Structures are given as structure tokens and as C-alpha cells.
Amino acid sequence: MALEICEAAKRNCREESINGDRFSDLPDEIAHRVLSLLSFKDLTCVGCVSKRCKNLQLSNPFINFRVSRGDHVAYTILDSFNSFMIQRGDNKIHRFRLLYFHSRNGTDSNDVKSSYERLRLSALINSAVRCNVDELCVNVSPPPADSLFSLPAAIFLCGSLRSLSVRMKCVIGEVSSFPSLSNLTSLNLARVSVIDESFWEWISCSCKRLETLSLRNIHGSKNIIISISSLKTVSVFLLEGVCCNLTILGNRLERIIIDWDYASSNTSLHISAPYVKWFQWNGSFSCHQNLGEMRCLHLGQISCYSEVSQVTEIATLADLLCSMRWVKTLELNHLILKALSSKDGFKFASLNEVCFLKVTCSLTDDLVPGLTSLLQKTPSLSSLQLNSRPSAWKARKGLSTSNSCGFDMEFWKLQNLAIIDHLKKIAISLTHGSNVFEFARYIVKHAQNLERADIFIFPNQFDDVMKLRDEMISNGTVTFHQYLHG
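Description of the structure in this document. Quantities reported herein were computed from a predicted structural model and do not represent experimental measurements.

Further remarks concern the overall build of the protein. For the protein, the helix and strand inventory stands at 17 helices and 21 strands. The proportion of buried residues among the 486 residues of the protein is 50%. Sequence separation of at least 24 residues holds for 64% of the intrachain contacts in the protein that already meet a minimum separation of 6. Summing over all exposed atoms, the protein offers an accessible surface of approximately 22300 Å²; the carbon and sulfur share of this is 50%.

Here it is in C-alpha cells:
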């Protein structure tokens, strides 16, 4: 598309004496929107078409710089970027994106070139700040060699800045020079080292308009305290080797995402967000936590990457479910269900408000006790979804289902599940063993208020599952959806 725009501009210029220059006749605002779709290279080509196009190029408030080259070419492109920023002067910038993916080799990664690279990157960022940028996005990988890049303090002094995204190994230094009031509404930091913990205090005290905060793999801070009255969404992602004590406070928080890829006993989490509506937890359960009561929770999502087996992990999961016991919609993965199936007798709070439950798992014998406990704790459930779609190659090779056939319909009848009187919708994948098939039979045969059943099968299962439709006790509909063999 960029090439087409460029060629059209050149063609219009050649035909100007006959038809006029239609692109140049566009209002500045519309022309800038068109140019915002172009890369820096294509934008430069458009600037060569005419004087009017050159002016539009230099006044364009949407700047997209992208480098994905080796050493020598990358340095040349950086020089071109800086020359362009000098030419455009102080023209207002709405959005500035710098995507710098530099593939270095060992012979060229020396002190001189690294210093040159840092200077050029700093100059570009400072130029954007000088032009009163509204949205600033900096993504650099890998960072300049030999030492961490110091993020220019001018970024935080920019009064016009509303959105800041920094994804690179860099350092945020002392905050003593930062302003007492910031207009930031969105802040995204990834792979950043914060050496002055008063930075978090500055965010809490000075960023009174901040609504969205994302922290990914932050280093250098043992204690992170976020208390912002305007904050609506917060995301925290921690990888192995990052240990900290995290506190999040906010009465207006609506969405929280926590991703502990690895959390040690030295990691703690404290959240006070009584009105949060969407809470998502991924990863480890080995940290100390206090999540308060989420009485307004509409959607809760819990998943982990490895088995939850330690006593402390099980206790943390139990506390999490207790904090979420007012949730309306709950989504879990198979490892959570396995933890609920613990032989040690996993105990967790009743989830009386849950109306919709989604579990992603193959209903193997070791997971049935966990599903049973979960259904007993959700007596008001009206919609249930069990997702499990094995890959086509497993189906073709006849994957063994010997570990998924130990529980028949009679087992489920003995459980006296209260949900059977409330269920209105189910969606179940019948792709692995007889456990899930027998469970589906139990539902359609005893759920008198069932309105809809969506059954997902492979084509070779169709004849076997047709009797589900005949056994349905309610007047609802049964719809079969076929997975295709790949």
C-alpha cells in the first residue's frame, strides 16, 4: 500500500498540468493520516515528489522509525533519522515510534560504536520530546553493548506526553528532577531497571491521570508500591530472577493481570482493588499474597504453567479462590483442575455466584475428582464449557484413552450435583476417552432446564454420539460441531 501511495503521488505530480495534484490538494489533517501509514523510507520518497509533499513530510505528526539490520547499515539509518528530525524542527509530533532491532556481530560490538549508538538513540528521543510528543514508543533489542542505556530524563519532563512505552534494557535514574505533576495516562515499561525506588512514589504521587500501567520484567527494585486513584488497568509480568514485594492499591481498578512465570518465597503480592471487574492470574503460586475481597468481580481467569504440588502453592491457590468467590464467570486450565484433585483434600471457598464456568482440559481419570469438587462449589452454575481439542495427528495415531474411562454416568448421578437443576447451556469436546462422554450423557439426561448443548466431535464419532440427542430430557437443542482431521 505504501508503494502504491508513493507511485500515485509521483503520477499525480506528472499530470498536475492536466488534472491537478490531488494528493497535495488534500487538507493537512487528511494528508497526514495517509502518510502515517508509511514507513520512514516511503515517507522520504513522498517528500521528493513536490514542495507541497516535502512540507507534508516534515510536518507529519506521525513518525515511524524502524531498523532491523546489521551494524553498518543500522548506524547509517540512525544518522538519516537524526538528520530528518533536525530538518523538521519543532513541528508537533502526535505519535513517535522507534523500533530498533539491531543484529550485531562480535567484531563490531566495541566501545566506540556502542557509545555512538547510545548518543544517536538519545538524540532521537530528545528530538521527539522537543516536539511536544503525545505518544512515545521505544522498542530496542538488543540494547547498546557493554552498558545499560540510560533513559533520557527529558521524557518524564515532557508536559505533553500522554502515553509512554519503553521496551528495552535501560536504566531509569534518580527522580529528583522529575516534575511534581505528570499528564501520563498510559505507561508501559519492559526490561527496565529502576535503581531509585522513589520512582514508584513519583508515579503514585505525580501521575494523577494514569489509567493504564504495564510492568514487564522490571529489575532493580525490591519494593514496588503503586497507589493511584485514577488507575483502571494494571498488568505485571515477572520472569525468573526477578524478586520483589509488589503492592497495588486502587479503588477505580477494573482489570488486573498478574503473570508470575517464576516467583520465589522472597516475592510477595498485596492487592487492594475492591471494585475490580476482571482479574487474570497466570503462572506460579509460590509467592506470599494478600488479594483482599473482589466483591464486584465479573471475570476471573486462573492458569498455571506447571503442576501445583507444594503445600504453600496449594494454600496460595486456595486463598486466591477465596478472594474471587464473588466472581460471575470463571475460567481455569487443566493444571488448576489437577490441583483441585489433590489427594490431600484441597479445600476452597464456595463459589456461589459463578454462573459461567470454562475449563480447558481432557477429562482424564486424575482430573475427575477436581471437576467434581468444582461443580459442587458452584451450585448456581447455568453455563458450562469443557474445552479439549487434541491435535489431529494424535487422533490419527489412535491416542490411548485408557486413562480417561474410569467414571461412568452412574458416578455422576451419585454426586447429587445442584447444578443439574440450573444448567441452561453446555459446550463439551468429546475428543478424548469415555469420561467426558459419560458426563455429557448425565447432563443431557438429567438437566431438565437445558436449553442448548454444543457437542464438539471428530467425524468418526458422529454415529456414537447421536444418542445424546435422543436421551435429552429437556426441549433444548443439541448441535454437533465436527473437528476436521488435519
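Of all six residues making up strand E13 (residues 278–283), five are buried, and the element is well covered by its neighbours. Relative to E13, strand E11 (residues 255–260) runs parallel, the two being bridged by six bridges. Residue Ile 257 lies in a different strand from E13, and its bridge partner there is Gln 280. As paired elements, E13 and strand E15 (residues 299–303) share five bridges and run parallel to each other. Bridged to Trp 278 within E15 is Leu 299.

A few words on the side chain of Thr 316. Summarising the element assignment, Thr 316 is placed in helix H10 (residues 311–323). Classification of Thr 316 by relative accessible area gives buried; the value is 8%. Once residues lying within four places of it in the same chain are set aside, the contact partners of Thr 316 are Phe 285, Cys 287 and Gln 289.

Attention now moves to the packing of aromatic side chains. Within this structure, the stated rule accounts for 17 aromatic pairs. Here the aromatic rings of Phe 178 and Trp 202 are separated by 5.2 Å at their centres, their planes lie at 70°, and the arrangement is edge-to-face. Highlighted residues: Phe 178 in the loop between strand E5 (163–172) and strand E6 (186–194) and Trp 202 in helix H9 (residues 198–206), separated in sequence by 24 residues. For the pair formed by Phe 178 and Trp 202, the shared burial category is buried.

So, on to H10. Over its 13 residues, H10 extends 19 Å from the first C-alpha to the last, a length consistent with the 18 Å expected when each residue adds 1.5 Å. Three or more residues of H10 are buried, namely Glu 313, Ile 314, Thr 316, Leu 317, Ala 318, Leu 320, Leu 321 and Ser 323. Summarising the contacts, the buried residues of H10 are in contact with E13, strand E14 (288–290), E15 and helix H11 (334–340).

It is worth spelling out the sheet that holds strand E10 (residues 245–249) at this point. Spatial strand order, E8-E10-E12-E14: four strands in an open sheet with parallel pairing. Here the strands that pair on one side only, and so sit at the sheet edges, are strand E8 (223–227) and E14. Across the sheet, the mean angle separating the axes of adjacent strands is 5° when strand polarity is ignored. Across three bridges, the pairing between strand E12 (residues 268–272) and E14 is parallel. Bridge pairing in E14 places Leu 269 opposite Gln 289.

This part covers the nonpolar core. Among the nonpolar cores identified, the biggest contains 145 residues, and Phe 96, Phe 199 and Phe 279 are the most heavily contacted of them. Ignoring anything within four residues of it in the chain, the contact list for Phe 96 reads Ile 63, Phe 65, Met 85, Leu 124, Ala 128, Val 133, Glu 135, Leu 136 and Cys 137.

Each regular strand carries side chains that alternate between the two faces of the sheet. Pairing between strand E19 (residues 425–429) and strand E20 (residues 452–457): five bridges, direction parallel. Looking across to E20, one finds that Ala 427 is bridged to Asp 454. Pairing of E20 with strand E21 (residues 477–482) involves six bridges; the strand directions are parallel. Following the sheet pairing, Ile 455 is matched in E21 by Phe 480.

What counts, and where the lines are drawn
- Residues numbered from 1 in each chain as written.
- Predicted model: local features only at pLDDT ≥ 70, side-chain atom pairs only at ≥ 80, totals over all residues.
- Heavy atoms only, no water.
- Helix = DSSP H or I, 4+ residues; strand = E, 2+ residues; numbered from the N terminus.
- Buried < 20%, exposed > 50% of the residue type's maximum accessible area, 1.4 Å probe, protein only.
- Contact = heavy atoms within 4.5 Å.
- Areas by Shrake-Rupley, 256 points an atom, 1.4 Å probe, with all protein chains shown as cover.
- Pairing = 2+ DSSP bridges.
- Phe/Tyr/Trp six-rings, centres within 6.5 Å; stacked < 30°, edge-to-face > 60°.
- Expected span 1.5 Å × (residues − 1).
- Axes fitted to C-alpha atoms, helices over the stretch in contact; angles between N-to-C directions.
- Core = buried A, V, L, I, M, F, W, Y, C linked by side-chain atoms within 4.5 Å.

It is worth stressing that arrangement in space is one thing and function is another; only the former is reported here.
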